[in-house]
Amino acid sequence: MDQKLVRKYNKNVPRYTSYPTSPHFKADFDYQQAISHLKNLDVDRPVSLYIHIPFCEILCLYCACNTKIVSTQKPVESYLKYLKSELDILKNTLPGKLKVDHLHFGGGTPTTMSAENFDLVFKYLNEAFNIDLNGELSIEIDPRVITDDKIDSFVKAGINRVSFGVQDFDKDVQTAINRDQ
């Protein structure tokens, strides 16, 4: 083990499951300020997007993410209607169609979505933004629920980076955390 690396990274950091991370939230930043900021973005500068899909099919016992366990696509589809509404607000507020050069899908797990629902999300995103297919387009994958049709959908959308959620290879640990791979 490299002790230099252990010392370097042995410190508390904000949870990565929200962006911006919670230390950056300010109570005095209101809706009107957010709208004003969005209206004044430079259309020549690319932006990064994080799309949070707060659903899982199986609960991991260690999880602290904002997620809901689902057994059908119905709650996902309801969520996607709200996501579409928010993207429509952005589309009508932004000074133009911004270029996205970093896009990340996280959650829960985005692989809870059906391939059809993932395609729908990408349709909504393409209506509001210019997605740079040469940029970094990434997704978190729960290997327990991935299917060939979902992978095909990711490839079709231009996903070029994945993060596989494998917490441990030890079978006893997997069982203890309810994350049998």
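Everything in this summary refers to the structure shown in the same document. Because the structure is predicted, anything quoted here is derived from the model rather than measured. (Residues numbered from 1 in each chain as written. Predicted model: local features only at pLDDT ≥ 70, side-chain atom pairs only at ≥ 80, totals over all residues. Heavy atoms only, no water.)

**Examining the packing of helix 2 (residues 31-39) against helix 3 (residues 74-93)**
Phase 1: Packing of helix 2 against helix 3 leaves a shortest axis separation of 9 Å and a crossing angle of 55 degrees. Classed by the angle they form, the pair helix 2 and helix 3 counts as oblique. Of the residues in helix 3, those touching helix 2 at Tyr31, Ile35, Leu38 and Lys39 are Ile89, Leu90 and Thr93.
Phase 2: A per-class count over the contact of helix 2 with helix 3 returns five nonpolar, one polar and one charged. (Axes fitted to C-alpha atoms, helices over the stretch in contact; angles between N-to-C directions. Helix = DSSP H or I, 4+ residues; strand = E, 2+ residues; numbered from the N terminus. Parallel < 35°, antiparallel > 145°, perpendicular 65-115°, else oblique. Contact = heavy atoms within 4.5 Å. Nonpolar A, V, L, I, M, F, W, Y, C, P; charged D, E, K, R; others polar.)

**Here's the deal with the sheet that holds strand 6 (residues 161-164)**
Phase 1: An order of 1-4-5-6 is seen for the four strands of this open sheet, with the pairing classed as parallel. The outermost strands of the open sheet, each flanked by one partner alone, are strand 1 (47-53) and strand 6. Ignoring which end each strand starts from, the neighbouring axes of this sheet average 15 degrees apart.
Phase 2: When strand 4 (residues 99-107) meets strand 5 (residues 130-141), the two strands line up parallel, connected through six bridges. Directly across from valine 100, in strand 5, lies its bridge partner isoleucine 131.
Phase 3: Along the sheet face, helix 4 (residues 115-128) touches strand 1, strand 4 and strand 5 and points at about 150 degrees away from the line of strand 4. (Pairing = 2+ DSSP bridges.)

**Side note on helix 3**
Phase 1: Taking 1.5 Å of rise per residue, 20 residues should cover 28 Å, and helix 3 covers 29 Å from first to last C-alpha, within 8% of that figure.
Phase 2: Turning to helix 3, its buried residues number three or more, namely Val76, Leu80, Leu83, Leu87 and Thr93. The buried residues of helix 3 occupy an angular sector of 135 degrees when projected down its axis, which confines them to one face. In helix 3, the exposed positions angled more than 90 degrees off the buried face are occupied by Lys74, Lys81, Tyr82 and Asn92. (Expected span 1.5 Å × (residues − 1). Buried < 20%, exposed > 50% of the residue type's maximum accessible area, 1.4 Å probe, protein only. Arc of directions from axis to C-beta.)

**Some thoughts on the environment of phenylalanine 154**
Phase 1: As for its position among the elements, phenylalanine 154 is in helix 5 (residues 148-157).
Phase 2: With relative accessibility at 6%, the residue phenylalanine 154 sits in the buried group.
Phase 3: Along the sequence, phenylalanine 154 and threonine 67 sit 87 residues apart, while their C-alpha atoms lie 21 Å from each other.
Phase 4: Excluding anything up to four places from it in sequence, phenylalanine 154 contacts Thr111, Phe118, Ile139, Ile141, Ile146 and Ile159.

**Some thoughts on the pairing of strand 6**
Phase 1: In the sheet, strand 5 pairs with strand 6 via four bridges, with the strands oriented parallel. In the sheet register, glutamate 140 faces strand 6, and the bridge partner there is serine 163.
Phase 2: Of the crossover connections in this fold, the one passing from strand 5 over helix 5 to the parallel strand 6 is right-handed. (Right-handed = clockwise from strand over helix to strand, strands pointing away.)

**A closer look at the environment of valine 76**
Phase 1: Locating valine 76 in the fold gives a position in helix 3.
Phase 2: Of the residues examined, valine 76 reaches a relative accessible area of 1% and is grouped as buried.
Phase 3: Separated by 22 residues in sequence, valine 76 and proline 54 place their C-alpha atoms 8.5 Å apart.
Phase 4: For valine 76, the residues in contact, after removing those within four places along its chain, are Phe55, Val70, Thr112, Met113 and Asn117.

**Section: the pattern of salt bridges**
Phase 1: With the rule as written, the count across this model stands at nine salt bridges.
Phase 2: One salt bridge connects lysine 156 with aspartate 119, and the closest N-O pair in it is separated by 3.5 Å. With lysine 156 in helix 5 and aspartate 119 in helix 4, this pair connects stretches of sequence that are 37 residues apart.
Phase 3: Since its relative accessible area comes to 65%, lysine 156 is described here as exposed.
Phase 4: You can call aspartate 119 partly exposed: its relative accessible area is 27%.
Phase 5: Taking the shortest distance from any N to any O, the salt bridge between arginine 144 and aspartate 142 comes out at 2.8 Å. (Salt bridge = Lys/Arg side-chain N within 4 Å of Asp/Glu carboxyl O.)

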